[in-house]
Structures are given as structure tokens and as C-alpha cells.
Amino acid sequence: MSTFNLHRLFNPKSVAVVGASEKKGSIGFSIMRNLLKNGFRGDIFPVNPKHSSIMGLSSFAGIKDIGSSVDVAIIAIPIHLVPGIVDSCGKARLAGVVIISSGGREAGEKGRAIEARILEKAQKYNLRIIGPNCLGFINISKALNASFAHLFPLSGNIAFLSQSGAVCTSVIDLANRKKIGFSHFVSLGSMMDVDFADMIDYLGSLSSVKIIVLYIENITNIRNFMSAARSVSRVKPIIALKSGRSKSGARVAVSHTNALVGVDAVYDAAFQRAGILRVNEFEELLDCSAFLAKLGRPSGPGLTMISNAAGPGVMAADALESHGMEPAILNPETIGKLDKILPENWSRANPIDIVGDTAPKIYADVVKICVNAPETDALLLMCSPVGTMDTLNLANSLIPYLKTLSCPVFTAWIGGDNVQEARHAFNQVGIVTYDSAERAVRAFKNLYQYGRNIDTLLEIPVRTDKKLIINRSKAQNIIKKAIADGARSLTKIQARNLLLSYGICPKITKIADSEDIAMQVPADYELIIGSKTDPNFGPVIFFGMGGVLAEVFKDTSMGLPPLNRLLARQMIEDTKISKVLKGFKNFKQVSIPLLEELLIRTGRLVTDFPEIIELDINPLVVKNGNITAVDARVSISVPRMSSPDHLIISSYPWQYEKKQHTINGHEFFIRPIRPTDADLMINHFDSLSPRSVYMRFFSPVKQLSKTMLIKLTQIDYDREIALVALMGKGRDKKIIGVCRIILEPDKTLGEFALAISDEWQGKGIGSSLLKLCLKAAQTKGIQKIMGIVFAENTQMLMLGRKLGFSVKRHPESGEYDLIIDFKDIHID
């Protein structure tokens, strides 16, 4: 459905309230009150046939009486009446509706049937729906409170999305106390239509939104969610609190929304892959949100801690170590400066205990020394009401200086009523403060580790010319025969041959006939590699300690295919056994690149064959640094969908690989772009003349920045079609042309761009690339492709006409719009 309608929905010029009321305490009354009291400048239309006027506004019998002047309707009536209202809203060409009413799918079969009728009406008119069973939404910049929330948030740059209305109101209440500001509050309810993916895409496009915070009970359209989150998290932090971690919590979440809740560990893997910071507690959600909004993410792990007493410093150091981190080590120069101003009995280490009765000026001087120390990436200031310490006076003396700093500085004024005023003073001026050292350290740890994960996801992979050799047809025959025979699992020999066909564990010297035989095999230790298909997330790869103790120690990590070397290495390093793999005491080092390749090949196998529902290579015996597969088990089933639709992350679309020839007979190879093409892309850019660069980028770009390079090579194949034309082999290989079609989030419209190396222009390469891109877009169901072309780019204009584009000139700019509508043309 249209993303433009989402913009209209959240930025309406007029709002209708269906079920508006003057009865205090009713939802209809609360919505009308909120719309009127917060300064919304648009028109408000109460819709209630029982009243001629409500709160001084003329009441209407229905949407049809208002007509096309309404952008959005807020519906707060019994849900069985909603389908008719939605039909009227569609006919009146509204952008969307917010259905407050409960009683949908969460009420059972009858409710699901009503929701189905509502959705059918909405889709007929391209009408977007928030809800049902929701609180509504608030757009703070528009002073628009289209909800029945009792409070209005402070203005800021955080957008908050929640399936629970109660969580929304609780967050507003707490955030107002802590002076945390928001741009949007959206209660999504049952997510009949608009879901987390839609909202992440929409909010990701707004400059007023810097951080997106989610409260999640379940995720619908997981592949869309992952695609949206992976795209937006590159430029804006996303923080999520996913409830239902425990079995009992999951049952409550299911009863609340009547939707499937996935295994919690798989959500961890999915969020990490999507670049989302997952927190486990409500308090943690606000702590991290406040830190990010006011300080940004830490640039490094160097946390320097200052305290007026030893106890809080010890607690902070313990908390940091419990998270696998250590305090920054003070260098001799810093210690020397501190020696000059602190008593002889100061700690002379980090945390810095300045001694309880030290004057506020000394505390401030210590802060100035530490904030300028090269080892300090962030600074935690702590204070407890020791002896005669005036905690409020100290806070007030620090505030003017702290407000000027670019280094992240946050505080933990520890205590109850005696220090509450000091914390309030910090909050009033936007300085991040916590009531315990542990909370402060946890927020720092979360955001530092989140930053490391983002850096890893954006790391440019090293190019290798090694190609994974696989025998897809052999694997297909093995699986096809087993399925035809009605088997639910492969035999030992079939499993061995399947793995060998994908180059997995070529050192399989023996597949054990029983667990007893497998346990007699000598080993230093054992590993496991495998995959299991989750009903929501599809195949999930796992790695860790194997053998009979695997379920006891539960030292495993999870990842989602497709994998590359960076992601495979991250999986390995997330386990405790990884310390042994690098060589430990009498244990020899294992080849980490070999393990990475095994994980990548396993991911490739389950990517290509959705029939594989479970795969275990257990144990992988390690002896003297050598790896041998002793046992393998593969369970199969008739798949619900074909590859790669069973994945939640789009895989490399190998079907677009094709050999072609220029008009004068030179062979070139077309394939989708890969993350490892960064160096080739730089060389291709250098092969373009200034004129060609300007024709492609519409500006005189001098070089490709790292950010641009990542954007051009690390693409989501669900959101972008990007093909390169290659000449040469091995290290002599070079890109001579790039064509891409970037899709709108609703995947109905795409925009193309094309660049050919100057020496290869006019030889048919651009035609081949663009034609194959268009064919791929048509296969994906895209409706229209467009592009903007300068008038002097005559070759592109000729190519566009040749391929069936309509060409229309802008009279003011002299540029041309090239548009192809697949309803009118078919690409062969």
C-alpha cells in the first residue's frame, strides 16, 4: 500500500472522530478533548448521529456528510460497525483510519472475520489502517494528539512504536519526568495493516526522527521487518524491547495479539543481524533512549569513572566487568595531573575516588582533567550523600561546564530523597542521570556494544577470488529422491553425500552408525554446526560446543542465512569455546577460516533447499587442531514455499548471472553486485570521466566516500536490483558498467540509474544491463520504473526510447522523465 498515504495519515489537515462524545470518561470524549486542547491547527469533525454538536463543533452523521475534506478518521465505536465506516472512508478518499475499537482477532474467530472484512474494504481503496485495539497516535511537531492518552509528550527526536497502549502511556509519564522528548508516539495494536516494517520505513525517511524505539510483542511480515530495519539502522539507531522472553510471558503475548511468538534466542540473532539494540527491561529501554538522544553512542570502550566515595566506584567497576569490559587505564600523565589537586589517599586508579569531603571545585577540576585525557571515551560522574556532601550544590556547580562538553558525560547521583533534587536539576538541563551506578554502566555498555555491532555490519568485506564450488544438481537429486520415497530424514550415506556436494566437511572419514561408536572417537573437544527451521524466521544456523555435553553447557550462537565471512566470524566469537579455538594451553589452534567456510556453506545449503528442516553435524571432533565430522543428521519435509522465499533476509540472486557479448564480440559477464565489490567499484568510478560522473550522480562527485561505497555495494536484494558488467578474470577483473533500480518501500515504483565506463560506452553494455534489470523488476511485480536524464545525455535518451520508456521533458529544467509502465509493455 502507498507510503504517501502514511505521510498524509500522520500529518493530516483535518481529522474526523467517529464515536465522538461529550460523555466524560468515554474514549470518544478523551480523543476529542486531546485534539482540542493541544493546539492542533487542522479541522476537527465529530461524527455521531445522536448529537448535533459536540464540544462546540457541529456533529455529522457520517463520513459521507464531510466528504473529501477529511484526511484521517479516528474510529471508536463497536468493532462490528467498523467495516461500514471503513467503506465510507475509502469512498471519501481518506488517507487512513485509526481503529481504537477492540474485539478483533484477540477475541477469536468472530473477531478475525470482522478484521478480514475491514481489511478487504481498506485494500479496495488503498486506505491505511492503524490498529485495531490501539491507543491511537501522537505527532508532537503538529500538536496532534489523535489518541486517548492522558498526557502529551515533550518535543524531541525519538519516535516510539508500541503494540501496547498501556506501555505508551507509561513511557510518556516517565519520559516527561526525565525530560526526554519525542517526535512521534504510535500505538499499533493488532497491526491489521500498518506494522513495524511500514513505520520503520516511514520514520526512517523523516529528518525530525533521530532514534526509533520499539516495544514488540510479536512481528508480522518478518522479512519486511528485517528489510526495513537493516536499511534504517545504518543511519538511525533502533532500540527494541521484545516481551515474551519467558514461556509464561510468551503465552500472555499470544493471548494479547493472537499471533505467533518466535523462540526468544532467534529474536536475539535477528535483531543483531538487523542492527537493532535489544534491551531486556522497561527501565533499560528508557535509559538507553535517553543516553542516545542526549549523548549519542560512545566512540570507544574507554569509560573513566569519578566518585566521591569508594563504594559507588567499586559497584560501577563490578558492573562493567560483569559485562565483559574494564575501566579505562589512566595514563601516567593523567595520574600526575590528578596528584597535584587530590589528597594523597586518592585511589590513583580508575574508578577515581576523590574522597568524600573534597570541595566541589576539586571535583570539577578532576572532571576537566579526565574529560581531556586521551584514554577517556566517556565519563561517568558519581555522587552519594556521604557526610556533609551537598549533592545538589555539587550538581549545580558542575552543570554549566558539563553543558559545554562534546565528550559523552553522564551521572549517577545515588540515593533517595536527599539526592532527588540533584537528579531533577540534571534532567532539567538535559544531562543524562541515573539513580544507580549499575544502571549508568549498563546503558554505556549497551550502546558501546551496539556501536560495535553496527560497525561490524557496515565493515567492507575483503575481496577474495575464491568461489564456493558446489554441486547443486547432486544435492537436489538426493533430496528429491528422499522426498519421493516419503522419507522424513536422510540415511547416513545420503546425509554424507549431501554435505559433500556442498563442500561441507570434506574430511568426513566416518559417519557413525550409533552414538556409542561416535563416543569412542578420540577428541580434544567437540563442536557442532547445524541448522533448524523456525516457523517464523525460517532456517537458523547455529554453532558451538558439541557432543553429549552440548545441551548441558548450551554454549551456542545463532545466525541467519545467508552468511558471509564477517557474519560467520561473529557467530564463532560469540561463543565461549572460541577462546579454545584460537589455541589454549595444550590445545592447538583451529583454522578459523575453515570454520567460517563451513558455516557459510551450511547457510548456502539451507538457503538453496527449504526441504531441509533440520541439520546437525554433531560432533565435529577436534584433535590436534584438525576437524573431523563424525556424525550428521538431516531431517526433510515437503517445503511450504520455494527458495529463496523461505528466508527472512534476501539471498544473492544467482539467477541474474548471465554471459553477454558487446556489439563487436567481446564477452562480458553480468551478475548482481556483492559487498566484496568495493574495490572494483572504486576502480569503476575512476574509469568515469567528469561528464559521466555528473550524468550518473547529478553532481561533480570527486570520489566515493566509505559511506557511499557501503551504500552502493551492501544492498538489500529485496529493495534494490543492482547488476554489474565484468570483464577479465582473477585479479584483472574489472567492472565496466553498473545498473541499479532502487525500489520504493511499497515495491510498486522503482528508479533506475546507469553508468558505463567511458571506454566501453556505445557497445551495447548499457542496453544489456538495463534490460536485465527491467526484466528482474517485472518478475518482482514492480508496476513502474522511472528515471531522470539530462537533455545532453542523448545516448541514454535513445536507449530509453528503444526499450519502451515514455520520454517527457521538464520545460523549466531541461531534464527528461523516462517512465516505463509494465501494464503496457513486457520485457523479454
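No experiment lies behind these values; they were computed from the predicted model shown. (Residues numbered from 1 in each chain as written. Predicted model: local features only at pLDDT ≥ 70, side-chain atom pairs only at ≥ 80, totals over all residues. Heavy atoms only, no water.)

By the definition in use, this model includes 35 salt bridges. Here Arg604 makes a salt bridge to Asp608, at a shortest N to O gap of 3.4 Å. Placement of the pair is Arg604 and Asp608 together in helix 23 (residues 592-608), with a separation of four residues, close to one helical turn. Here Asp608 falls in the buried class, since its relative accessible area comes to 12%. One network of salt bridges, with partners in common, ties together Glu281, Glu283, Asp287, Asp435, Arg439 and Arg442. (Salt bridge = Lys/Arg side-chain N within 4 Å of Asp/Glu carboxyl O. Helix = DSSP H or I, 4+ residues; strand = E, 2+ residues; numbered from the N terminus. Buried < 20%, exposed > 50% of the residue type's maximum accessible area, 1.4 Å probe, protein only.)

This part is about the confidence of the model for the protein chain. The predicted coordinates of low-pLDDT regions are not to be read in fine detail. For the protein chain, the average pLDDT comes to 91, and 95% of its residues sit at 70 or higher. Counting interchain partners and residues more than four positions distant, the pLDDT-below-50 stretch residues 254-262 has 26 contacts. This model gives residues 513-518 a pLDDT under 50, and the stretch forms four contacts once residues within four places in sequence are excluded. (pLDDT = per-residue confidence, 0-100. Contact = heavy atoms within 4.5 Å.)

Read across the open sheet, the five strands follow the order 16-15-17-18-19; overall the sheet is parallel. Of all the strands in the sheet, just strand 16 (352-353) and strand 19 (433-434) have a single pairing partner and so form its edges. Across the sheet, helix 15 (residues 417-428) is in contact with strand 18 (409-413) and strand 19; its angle to strand 18 comes to roughly 160 degrees. (Pairing = 2+ DSSP bridges. Axes fitted to C-alpha atoms, helices over the stretch in contact; angles between N-to-C directions.)

Further remarks concern the sheet that holds strand 29 (residues 734-743). Spatially, 26-27-28-29-30-31-33-32 is the arrangement adopted by the eight strands of the open sheet, whose pairing is mixed. Of all the strands in the sheet, the pair left with one neighbour each is strand 26 (658-661) and strand 32 (806-809). Taking the axes of each pair of neighbouring strands and ignoring which way they run, one obtains an average angle of 25 degrees across the sheet. Note that strand 32 and strand 33 (residues 816-821) share four bridges and pair antiparallel. Across the sheet, Arg809 pairs through a bridge with Tyr816, a residue of strand 33. On top of the sheet, helix 27 (residues 765-779) reaches strand 26, strand 27 (667-672), strand 28 (720-727), strand 29, strand 30 (749-756), strand 31 (784-789) and strand 33; it is set at about 30 degrees to strand 29, its chief contact.

Take the environment of Ala523 next. Residue position: Ala523 is located in the loop between helix 19 (515-520) and strand 20 (525-534). The partly exposed category is assigned to Ala523, whose relative accessible area is 32%. Here the alpha-carbon distance between Ala523 and Lys210, two residues 313 residues apart in the chain, equals 52 Å. Excluding residues that lie within four positions of it along the chain, Ala523 makes contacts with Val621, Val622 and Lys623.

As a further point, take the packing of helix 17 (residues 472-484) against helix 18 (residues 492-501). Interaxial distance between helix 17 and helix 18 falls to 8 Å at its minimum, and their mutual angle equals 150 degrees. Judged by the inter-axis angle, helix 17 sits roughly antiparallel to helix 18. The hand of the helix 17/helix 18 crossing is left-handed. Contact with helix 17, carried on its side by Lys474, Ala475, Ile478, Ile479 and Ala482, involves Gln494, Asn497, Leu498 and Ser501 of helix 18 and no other residues of that element. (Parallel < 35°, antiparallel > 145°, perpendicular 65-115°, else oblique. Left-handed = near helix turned anticlockwise from the far one by under 90°.)

Here helix 16 (residues 437-457) is 21 residues long and its end C-alpha atoms lie 30 Å apart, about the 30 Å a rise of 1.5 Å per residue gives. The buried count for helix 16 comes to 16 of 21 residues, which makes it a mostly enclosed element. (Expected span 1.5 Å × (residues − 1).)

Attention now goes to the side chain of Asp821. Looking at where Asp821 falls in the secondary structure, it is placed in strand 33. Lys784 is the oppositely charged side chain nearest to the buried, salt-bridge-free Asp821, at an N-O distance of 4.2 Å. Separated by 2.9 Å, the side chain of Asp821 and the backbone nitrogen of Lys823 make a polar contact. (Lys, Arg positive; Asp, Glu negative; His and termini not counted. Polar contact = N/O pair within 3.5 Å; in protein donor to acceptor, adjacent residues only side chain to side chain.)

Before going further, it helps to spend a moment on the packing of aromatic side chains. Going through the model one piece at a time under the given rule, you end up with 21 aromatic pairs. For the pair Phe10 and Phe137, a centre-to-centre distance of 4.8 Å together with 75 degrees between the ring planes defines the contact as edge-to-face. Highlighted residues: Phe10 in helix 1 (residues 3-10) and Phe137 in strand 8 (residues 136-139), separated in sequence by 127 residues. Each member of the pair Phe10 and Phe137 is classed as buried. (Phe/Tyr/Trp six-rings, centres within 6.5 Å; stacked < 30°, edge-to-face > 60°.)

Tallied over the full model, the rule gives zero disulfides. With no disulfide of its own, Cys288 lies closest to Cys407 among cysteine sulfurs, the gap being 18 Å. Of the residues examined, Cys288 reaches a relative accessible area of 0% and is grouped as buried. No disulfide involves Cys383; its sulfur sits 16 Å from that of Cys370, the nearest cysteine. (Disulfide = S-S within 2.5 Å.)

The two faces of strand 5 (residues 72-75) match: Val72 and Ile74 on one face and Ala73 and Ile75 on the other face are all buried. Note: strand 1 (residues 14-18) against strand 5, four bridges, orientation parallel. The partner of Ala16 across the bridge, within strand 5, is Ala73. The pairing of strand 5 with strand 6 (residues 96-99) spans four bridges and is parallel. The residue bridging Ile75 from the neighbouring strand is Ile99, located in strand 6. As for the winding sense of the linkage, the β-α-β connection from strand 5 through helix 3 (residues 82-91) to strand 6 is right-handed. (Right-handed = clockwise from strand over helix to strand, strands pointing away.)

Within the element layout of this structure, Thr662 appears in the loop between strand 26 and strand 27. In this structure the side chain of Thr662 is engaged in a polar contact, spanning 2.5 Å, whose partner is the side chain of Asn664.

Let us now look at the nonpolar core. Residues Leu214 and Phe225 are the most contacted members of the largest nonpolar core, which totals 58 residues. When near neighbours in sequence (up to four residues on either side) are disregarded, Leu214 contacts Leu161, Phe196, Ile200, Phe225, Ile238, Ile239, Ala240, Leu241 and Leu285. Ile158, Ile172, Ile211 and Tyr215 belong to the second largest nonpolar core, which has 52 residues in total. (Core = buried A, V, L, I, M, F, W, Y, C linked by side-chain atoms within 4.5 Å.)

Together, Val548, Leu549, Val552 and Phe553 give the surface a local cluster of nonpolar side chains, amounting to about 410 Å² of exposed area. Summarising the element assignment, Val548 is placed in the loop between strand 21 (538-545) and helix 20 (550-553). The exposed category is assigned to Val548, whose relative accessible area is 56%. (Patch = residues over 30% accessible without salt bridge, like charges linked within 9 Å, V, L, I, M, F, W, Y side chains within 5 Å. Areas by Shrake-Rupley, 256 points an atom, 1.4 Å probe, with all protein chains shown as cover.)

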